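Architecture and fold: a report
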Amino acid sequence: MTTTAQPRRGVQALNEALHAIFASRDDVVLLGEDVLDPYGGAFKVTQGLSDAYPDRVLTTPISEASLFGVAAGMALRGQRPILEIMFGDFVALGLDQIVNGISKFREMYDDQVTVPLVVRAPMGARRGYGPTHSQSLEKLLLGIPNICVVACSECHDLGALLTAAVEDERPVFFIENKLLYGRPNRRPEDGHIGELAVRESGDPYPALIFSATDFTEGTATVVTYGGMLPIVLDAVTELILEHEIFCDVVALSQLAPMELDSVLESVARTGAVVTAEEGTLTGGFGAEVAARVQNAAWSDLRAPVRRVAARDGIIPSARSLEDDMLPSVEDVVTAVMALDGVAR
Amino acid sequence: MLEIVLTREDANTEYALLAEWLVEDRTEVTVGQAVCVVETTKATVEVESPGAGTIVQLYAEDVEVELGKTIAFVAETAEELASLDAGARERTLPKPPAGDRKATRKAVELAELHGIDLSAVEKRGFITEKDVEDLVARAKAVAAPAGESILAGVSTEGVSLPSTFDSGDETGALDPGFLASLRADPDAFRSLSPADKVAALRGAGAWIGDGVELGEGSLVAAPRVVLEDGVRIGPRGTILCEEIVAIGELSQFGPDLELRCRRAFLGAGIWAGRSIRFGGGGHRDPWATLSVGDLAFVGDEAFVNVCRPVLIGREVFLTMRSMIVTHNVGHSVLEGFENRFAPVVLEDRSQVGLGAVLYAGSRIGAEAIVASSSYVVGEIPAGAFAIGVPAKPTGSSSHKLSDARRLELARRMIDDLHELLALRGHEVSAIENDSFEVAGTRVLFTPSYRGGLEPPAVVLTLEVRGDVPAGIAVLDLLARRVHGTGDVVLDSVREFCRKRGIRFEPGPWRYPGGLV
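Structural notes, computed from the coordinates. None of these values were measured; they are calculated from a predicted model. (Residues numbered from 1 in each chain as written. Chains lettered and ligands numbered in written order. Predicted model: local features only at pLDDT ≥ 70, side-chain atom pairs only at ≥ 80, totals over all residues. Heavy atoms only, no water.)

1. Remarks on the overall build of chain B
- Counting its regular elements, chain B contains eight helices and 38 strands.
- By the burial criterion, 45% of the 516 residues in chain B qualify as buried.
- Restricting to contacts in chain B with at least 6 residues of sequence separation, those with at least 24 account for 38%.
- For chain B, the exposed area adds up to about 24600 Å²; of that, 51% sits on carbon and sulfur atoms. (Helix = DSSP H or I, 4+ residues; strand = E, 2+ residues; numbered from the N terminus. Buried < 20%, exposed > 50% of the residue type's maximum accessible area, 1.4 Å probe, protein only. Contact = heavy atoms within 4.5 Å. Areas by Shrake-Rupley, 256 points an atom, 1.4 Å probe, with all protein chains shown as cover.)

Right, dumping it as structure tokens:
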């Protein structure tokens, strides 16, 4: 008996993309902790890269603040560094470099320089890693002008997103939810993933729009990204199978600068929005989406926007307690059912 | 049986490489023997067998395996090995294609209701209730007969219409002047004596049979009136129809009946209690047709709203305070509120329990039972027992009886009848061989009647295989037919059987009173 064939897992897709990027561009270098072979990085994304390109893969001490500084300098001098932060939580150690340097150089020096830096940051919980290795801190980055925040989901073309990030002249924070690595990278086939029709919209970091009704109707639009996508898809499936409530799902990959054309197009059809993110509730992704949607599509909305997110607290190590803290399938179902005019 | 599980050695990975098996598949291993090599990102480890036995490997070499998966079993006995083999065969069986379809709960329930195979739905994506409704509608469109305009396309499948149904001729047409006066001054008609009412209607052209009784204070007004022999309308009854009322022989209605609709076709032998109301909102609508089959039972205070066709089949039981509605009342359709007008059909021999409600669009299949206080939306399949709000089929409406059990039940009827007659104070002889005597007549049960017997006698039987001589009455309990004639004893036995749900041909029949 052997294992059955299945789509590539997220880690394979990212690893293959890195190999392809390194093969096609000499100016790309990768820096990070424990990224050398045979270990190949904590999550194995860089496996085989240092064997193939020993001069371009640099292992570093545990010192994120200087790491960001070094990478910023390399980018200013014409290289295209990819920085692997072992756990996204440690982006916080580099925040001064990001806020007061990386994000400002281009505008401060009147476009004479760019900082084409990619920061790969694994985020997310549900692995029992505890309070400081499980967070989803995207919202800390969303308010910083002049950077680009890209979150990939298991249904996005991971290789294309990473390649676009490397090509981008802006600093790009590339968010990889940890669960993505082990899960199949499910891409649309014939315009569908499973029973849901899927469209891609936006370039170079597209949103995926899912519909169970071929984009004809819907009760609500669930806006999400990254590691919440599989949970939202499970919730949407439950709503269909149990209640015949059909929702659109919009999975953004470009979180900043925030562009919501695909969301607004869906809302025109559905009239209601639920946001879903794995980070804590207050001042998060959902709050920004809600503010923008209410501003741009007030007349389309029949109900206040509802947000699903982690409770405002820290993430425990015990899996059972962790589950209580994090947004679940049930939370999404409940939020949709609680919208005005849904449950009768 | 022991399992060899790939345990987690490294917190950051979900997979490990099963690099090499150190033993052949299905060979003997001992406890602590190294059986394979697993490479994780942090170490290469040998995995040891947890016990002695035959190893059954589940993966090949050089494959990535998810951590936590069982990679091999160690069968400690020959039986365990055999069961592993059986399990392996089961696992390799192809999945049925229907299992892959994603159907909503509503769709699955509706499909089960109609016996529809969901693999018949040709569609990409989820299968919804609407998909199944479309299939049902297509099937119905093929099955429904053309014409039948007064039924507005409602399928009569499974419904025995009464012989009074839409005769199409002008039988019973009332003189228009008389009808106008009836409508203008109904109280004048109500105040007539029962006999004068019959005479007045007959004189104006109505078809009124023998022995028709129109109770004190009752009113019958319709352009066509057909009341066959023995029809009884109780005191204070009101029948006001826009086109026709036709009622078959021996049907009787208790006090305070209200019957208002465009067309009412009622069969023979119907028994209806007190304060029953047919009508309500929309009773003058073009589609307001009521049809009630022979031998139907309508309990006290039942309410049947007729603005769309209501078809009630033969021998249907609509019990006390049950309610049928063919439309709802509510707010504007332009604000998204439902505005439903739909027929209701009760197929032959179906039963509706006390206080149950049948919403517009309901259809109760033949011989189905709706439990008391249930609320029916949609269809209940034939032969089902349905209960709940909303009513859902939970089983079958009847039990399958063995021949022996049926015989036992039939034989017990003699015992029960004997006991009842004795308690009523009649002189009855002791039971001997399923037989006793009452009022000079022998009453007996025999599994198979083969002719003969000393008259007078009343025989209960499960089959009739001989001629029935004069003075003998034979009740065939399964074919539900009475052979021969008899007196008060036969009537009493027949009534006793009726109360056990056994109604005999020839009919209709009304118990004139007797021993029970």
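Past the structure itself, the notes keep going.
2. Regarding the sheet that holds strand β1 (residues 2-5) of chain B
- Read across the sheet, four strands follow the order β1-β8-β6-β3 (chain B) without closing on themselves; strand pairing throughout is antiparallel. Either end of the sheet is taken by a strand with one partner, and the two such strands are β1 and β3 (28-29) of chain B. (Pairing = 2+ DSSP bridges.)

3. Points about the pairing of strand β5 (residues 148-152) of chain A
Residues and elements named next belong to chain A.
- For β5, the tally of buried residues reaches five of five residues, placing the bulk of the element in the interior.
- Examined bridge by bridge, β5 and strand β6 (residues 172-177) share five bridges and lie parallel to one another. The partner of Val 150 across the bridge, within β6, is Phe 174.
- Bridging between β5 and strand β12 (residues 254-256) involves two bridges; their strand directions are antiparallel. Bridge pairing in β12 links Val 150 to Gln 254.

4. What about the packing of aromatic side chains?
- Taken as a whole, this structure holds 13 aromatic pairs over all chains when the rule is applied.
- When the ring of Phe 87 of chain A is compared with that of Tyr 129 of chain A, the centres are 5.5 Å apart and the planes differ by 80 degrees; the resulting orientation is edge-to-face. You can see Phe 87 of chain A sitting in the loop between β3 (80-84) and α4 (95-102) and its partner Tyr 129 of chain A sitting in the loop between β4 (118-123) and α6 (138-142), a full 42 residues away along the chain. For the residue pair Phe 87 of chain A and Tyr 129 of chain A, the accessibility class agrees, reading buried in each case.
- Ring plane angle 10 degrees and centroid distance 5.4 Å describe the contact between Trp 271 of chain B and Phe 297 of chain B, whose orientation is recorded as stacked. Within this pair, whereas Trp 271 of chain B is found in strand β17 (residues 271-272), its partner Phe 297 of chain B is found in strand β20 (residues 297-298), the two being separated by 26 residues in sequence.
- Using a relative accessible area of 38% as the deciding quantity, one classes Trp 271 of chain B as partly exposed.
- Of the residues examined, Phe 297 of chain B reaches a relative accessible area of 25% and is grouped as partly exposed.
- Taken together, Phe 43, Phe 87, Phe 90, Tyr 129 and Tyr 181 of chain A form an aromatic cluster joined through their ring pairs.
- Here the basic side chain of Lys 44 of chain A rests over the ring of Tyr 39 of chain A, its NZ or CZ set 3.5 Å away from the ring centre.
- Directly above the ring of Phe 496 of chain B sits Arg 500 of chain B, whose terminal nitrogen or CZ lies 3.7 Å from the centroid. (Phe/Tyr/Trp six-rings, centres within 6.5 Å; stacked < 30°, edge-to-face > 60°. Lys NZ or Arg CZ within 6 Å of the ring centre and 35° of its normal.)

5. Digging into empty space enclosed by the protein
Residues and elements named next belong to chain A.
- Scanning the entire structure with this criterion turns up five cavities of 30 Å³ or more.
- Empty space within the largest cavity amounts to approximately 80 Å³.
- In terms of lining, the largest cavity is formed by 13 residues, of which the most central are Glu 138, Asn 177, Tyr 225, Gly 226 and Gly 227.
- Contributions of two or more residues to the lining of the largest cavity are made by β5 and β6.
- Sorting elements by how many residues they give to the lining of the largest cavity places β6 first, with three residues.
- Taken together, the residues that form the lining of the largest cavity break down as six nonpolar, four polar and three charged.
- Among the domains, domain 1 (10-182) and domain 2 (192-337) are the pair contributing at least three residues each to the lining of the largest cavity.
- Estimated volume of the second largest cavity: approximately 50 Å³.
- Taken together, the residues of the lining of the second largest cavity break down into three nonpolar, three polar and two charged.
- Here the lining of the second largest cavity spans two domains, since at least three of its residues come from each of domain 1 (10-182) and domain 2 (192-337). (1 Å grid on protein atoms, 1.4 Å probe; cavity = no way out; pocket = protein on both sides within 12 Å on 5 of 7 lines; lining within 4 Å. Points joined across faces, edges and corners; volume = space filled by probe spheres on them. Nonpolar A, V, L, I, M, F, W, Y, C, P; charged D, E, K, R; others polar. Domains from an automatic or database assignment.)

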